[in-house]
Amino acid sequence: MLTTAVLGTGLLGLDLIERIQNSPSFTCGLVVGRTPGSRGLAQAVELGCTTATGGIDALLEAGHFDVVFDATNAFDHPEHAQKLADTGAVLVDLTPTGAGALIVPTVNGHQAAAHQHIGLVSCGGQASIPVLHALAQRYRPSYVEMVATAATASVGRASRLNLDEYVSTTQAAIGQFTGTERAKAILNISAARPAPPFRIAMTLVAADDVEQGPVRTLVEAAETAVRAVIPGYRVTSCTVTETTVRVIVEVAATRSRIPVHAGNLEVISAAAIHAAEQHAAATISGLKELA
């Protein structure tokens with residue numbers, strides 16, 4: 001089993017802890033928070049975890065970890081990456097810094113084991129790129145747009161501070177995975193009551209005409225693949241008009257500690273564990289070869 005550490009004690013960090021504890025590949029060695037006595041740290045203790053405060057320095061003082069999950073913020077992540085670079089730990093970045101090798105499980109998840117520093121784009125990127133990438137393999141896009149809507153209760157303080165990074169990283173990743181030079185990402189934070197589900201509206205304008213049948217086949221295949229990682233993921237609309245494809249996706253959270261409307265958290269948490277499991281599988285395979 002690989003020993004892991006979690007930086008961050010928000011809902012995202014707590015869900016990571018539960019996923020780690022339910023995985024046969026990992027053990028949770030440490031959970032690091034910022035504020036002593038915080039609710040998140042107390043809940044981590046209730047889950048049976050060793051905890052510490054003091055950020056990345058506290059983690060380094062605690063010893064070696066095979067995998068470190070960074071669920072803090074895009075401003076602090078570069079320092080975390082720098083200090084962990086020589087430790088040999090795999091760093092999985094759940095913040096929208098755009099640092100590291102960008103991994104989307106159903107698109108290039110098999111590449112995760114080759115990288116020590118993994119980036120997960122953003123929740124919007126994780127929810128949209130599987131569909132957009134599938135479409136771009138058949139239809140050359142001249143423009144791609146992604147509009148994410150998340151409930152205000154599911155967007156924490158760190159995420160609000162990182163809105164610029166969220167947009168720029170998501171746009172760059174969409175361009176990278178679809179091959180278009182014109183990509184736009186938008187994030188709406190909705191205070192509606194009841195809280196709306198995490199929703200992604202995608203628009204792809206192709207260089208040539210597109211066909212309804214092939215588009216639906218590509219979108220349904222992408223949806224099926226993503227649901228194997230994120231059960232609450234579903235396509236709610238898919239329309240084609242001449243050169244334009246519009247797809248709407250909703251993600252309902254299915255985890256015990258995440259409200260059903262907070263699919264944005266489940267998307268990124270699931271991607272993080274998937275990436276780490278590729279490293280675990282590669283490590284186990286390597287040990288068997290040496291035996």
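Quick caveat, the model's predicted, so the values are computed rather than measured.

> For this particular structure, what's the right way to read the sheet that holds strand 4 (residues 67–70)?
Neighbouring strands of a sheet are bound in pairs by backbone hydrogen bonds; such pairs are parallel or else antiparallel. Read from one edge of the open sheet, seven strands run 3-2-1-4-5-7-6, paired in parallel fashion. If you trace the sheet from one side to the other, it starts and ends with strand 3 (51–53) and strand 6 (101–102), each paired once. Pairing of strand 4 with strand 5 (residues 90–93), which is carried by four bridges, proceeds in the parallel orientation. Looking at strand 5, one finds that valine 68 is bridged to leucine 91. Across the face of the sheet, helix 1 (residues 11–22) comes into contact with strand 1 (2–7), strand 2 (26–33) and strand 4 while running at roughly 170° to strand 1. Seen against the sheet, helix 3 (residues 55–62) touches strand 1, strand 2, strand 3 and strand 4 and runs at an angle of roughly 140° to strand 2.

> What exactly am I supposed to notice about empty space enclosed by the protein here?
One way to see where empty space is left: roll a probe the size of a water molecule over the atoms. This structure, assessed with the given rule, holds one cavity of 30 Å³ or more. Each pocket or cavity is described by its volume, and for the largest cavity that value is around 60 Å³. Around the largest cavity, the lining residues are Val104, Pro105, Thr106, Gln126, Pro130, Val226, Val229, Ile230, Val267 and Ala271. Elements with a minimum of two residues in the lining of the largest cavity: helix 5 (105–108), helix 6 (123–136) and helix 10 (263–290). Classifying every residue of the lining of the largest cavity by side-chain character gives eight nonpolar, two polar and no charged.

About the thresholds
Residues numbered from 1 in each chain as written. Predicted model: local features only at pLDDT ≥ 70, side-chain atom pairs only at ≥ 80, totals over all residues. Heavy atoms only, no water. Pairing = 2+ DSSP bridges. Helix = DSSP H or I, 4+ residues; strand = E, 2+ residues; numbered from the N terminus. Contact = heavy atoms within 4.5 Å. Axes fitted to C-alpha atoms, helices over the stretch in contact; angles between N-to-C directions. 1 Å grid on protein atoms, 1.4 Å probe; cavity = no way out; pocket = protein on both sides within 12 Å on 5 of 7 lines; lining within 4 Å. Points joined across faces, edges and corners; volume = space filled by probe spheres on them. Nonpolar A, V, L, I, M, F, W, Y, C, P; charged D, E, K, R; others polar.

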